[in-house]
Amino acid sequence: MGCTQSSNKYTEDGDLPLPPPRPPRKLKRDLVKREDQFKAIDEYALKTPRSAELSVTALSAHLVNGAKSDLERIRAFYRWITHNIRYDTRSDFHDRNIDTSGAAVLRMRSTVCIGYANLFAELCRECKIPVKIVSGYSKSFNYDPERVFTTRETPEHAWNAVYIHGNWQFVECTWGAGSIDERGAFIKNFSDFHFLTKPSHFIVTHFPYMDNDMSKSQPWQLLPNPLSLETFSKRLKGFSQMYVWNLKPISHPDGVVTFSRKLDLTIQYPSSYFFVVARLSKKFSTRNFDQYVLVENLSGNKIRIRVTPSEKGTYTLKLFGRTDPAIEELTALTNYVLKCEEVDSEVFAFPSHQGPFGSYHDYTEAGFHSSAGKKAFLQSKSGKVDFSIKTTKIVDAVAKLEHATKNLNLSDNYTLLEREKGQLHLKAKFPSKGYYKLSVFTKNENAETFSPRIAYLVFCGEDYPKSDHAPVILLFFF
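Conventions adopted
- Residues numbered from 1 in each chain as written.
- Predicted model: local features only at pLDDT ≥ 70, side-chain atom pairs only at ≥ 80, totals over all residues.
- Heavy atoms only, no water.
- Helix = DSSP H or I, 4+ residues; strand = E, 2+ residues; numbered from the N terminus.
- Contact = heavy atoms within 4.5 Å.
- Areas by Shrake-Rupley, 256 points an atom, 1.4 Å probe, with all protein chains shown as cover.
- Lys, Arg positive; Asp, Glu negative; His and termini not counted.
- Charge placed at Lys NZ, Arg CZ, Asp CG, Glu CD.
- Core = buried A, V, L, I, M, F, W, Y, C linked by side-chain atoms within 4.5 Å.
- Buried < 20%, exposed > 50% of the residue type's maximum accessible area, 1.4 Å probe, protein only.
- Pairing = 2+ DSSP bridges.
- Axes fitted to C-alpha atoms, helices over the stretch in contact; angles between N-to-C directions.
- Salt bridge = Lys/Arg side-chain N within 4 Å of Asp/Glu carboxyl O.

A. Main features of the overall build of the protein. A tally of helices and strands in the protein yields 11 helices and 25 strands. For the protein, the spread of C-alpha atoms along the three principal axes comes to 90 × 50 × 40 Å. Considering only residue pairs separated by 6 or more positions, the protein has 67% of its internal contacts joining residues 24 or more positions apart. Accessible area of the protein: about 23,700 Å², with a carbon and sulfur share of 47%. Computing the positive centroid from 64 side-chain charges and the negative centroid from 53, the protein places the two 3 Å apart.

Given below as structure tokens:
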């Protein structure tokens, strides 16, 4: 299980050149078959005794002693480094001319990206595992989507490519160890995503550029069709979970979008359940613009985010999501920069609502037919709507109407909900123009509480007399 069992044909600084960079035939999903595949070697690496950490040679010898393959060896290196080495956030790091060799990093337990890459490379070379230190540009914690990368700038980041099982793979120890928060402090947070990262995902945030030679650097993207630096600059940066969930921004792949009046962004997702929340803020403004964003479920596992700002200017659109309805916590997915050059003369805010309008994930269990709520957007005619909702059993239901910006007096009775055979019949009237949220709740089993099952978005284009209201049945009060 020691180093001598690894291939000794290639080393970066040996007599023979490294294998040429080519797109890997096998990706992480082909090499890692089980979620717990690295459990044993990870635990072994995290329990490394201090006596084995006195030199790079000693550390490498200890870590590979618990490994059964080159894959487990590089995993042990990655796990030890990301657990034990902190990122040095001091701005004068390079001015202090601090040693970033593997031995120095091992001794000081803190460094910057080149130190992480050096230590990983030196551990690999101890075992004759082919490894490359790649330098280039990155979209790091302080990345500005409006920044344009050019070759006139000095590359500021470094990472590794490692050759195992006949394929080059990416290993990013710096980002795998943690991140930098808004205060500039290092937050230790292990990331498995940055171990054997898929090249098409890696290129979104890492662009190789070495020795002022683009033609020699591009192959280290490990892509069949390398990107230009201009395309890399424009490409939307997603956070790691966006790629773990395999979300695809199919309408707008670039991070900066210029538009007039209205913008529709479409994202595709592969899972059966995907929940998105959008937050909109304007540059140099403290005002909340969330109600000018609408999230809609589309057919074909697609989500549409519609943005209709009330003011011209530059905005940041932040997207959060989850793929498990049992988990309330939302994960950051990506940030767009939106430049709105023109707005409509009359812009209506959307009602406050978490996620897409339409049916909630448990609506069929509550007694609604699978077709219920599929048409989530309704247009009122003459200030009212009148429609039926299919049910599969008798449901105890109530309705609630909310205007996007005005408080409605519930005693004015704007909704009528009647139970009929195999369906609910819902009528609603709207006293003024604008968008409304029309929600249907049902009673929870073995409880006196009600939960939302369907939320409709309704637009009324005219004002109507307040006196013409419907009588109410089963009106839901808060």
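B. Main features of the nonpolar core. Ranked by internal contacts, the top residues of the largest apolar core, which has 41 residues, are Ile74, Ile81, Phe120 and Val162. The residues contacting isoleucine 81, other than those within four sequence positions of it, are Tyr116, Leu119, Phe120, Leu123 and Cys173. Ranked by size, the runner-up nonpolar core spans 38 residues in total, among them Leu294, Tyr336, Leu338 and Tyr435.

C. Molecular detail of the sheet that holds strand S17 (residues 331-340). Read across the open sheet, the 4 strands follow the order S11-S17-S16-S13; overall the sheet is mixed. Only two strands of the sheet have a single neighbouring strand rather than two, namely strand S11 (256-259) and strand S13 (275-282). For this sheet, the mean inter-axis angle between neighbouring strands, taken without regard to orientation, is 25°. In terms of strand pairing, S11 meets S17 through 4 bridges, oriented parallel. Pairing of valine 256 across the sheet is with valine 337, part of S17.

D. Representation of the pattern of salt bridges within the structure. The full count for this structure, using the stated rule, is 24 salt bridges. With a shortest N-O distance of 2.9 Å, aspartate 42 and arginine 75 are connected by a salt bridge. Placement of the pair is aspartate 42 in helix H2 (residues 39-46) and arginine 75 in helix H4 (residues 70-84), with a sequence separation of 33 residues. Residues aspartate 42 and arginine 75 agree in their burial class; the two are buried. The residue arginine 279 makes a salt bridge to aspartate 290 at a minimum N-O spacing of 3.8 Å.

E. Just the environment of alanine 104, in detail. Take alanine 104: it is sitting in helix H5 (residues 102-108). Overall, alanine 104 belongs to the buried group, its relative accessible area being 1%. As a C-alpha pair, alanine 104 and lysine 318 span 214 residues in sequence and 40 Å in three-dimensional space.

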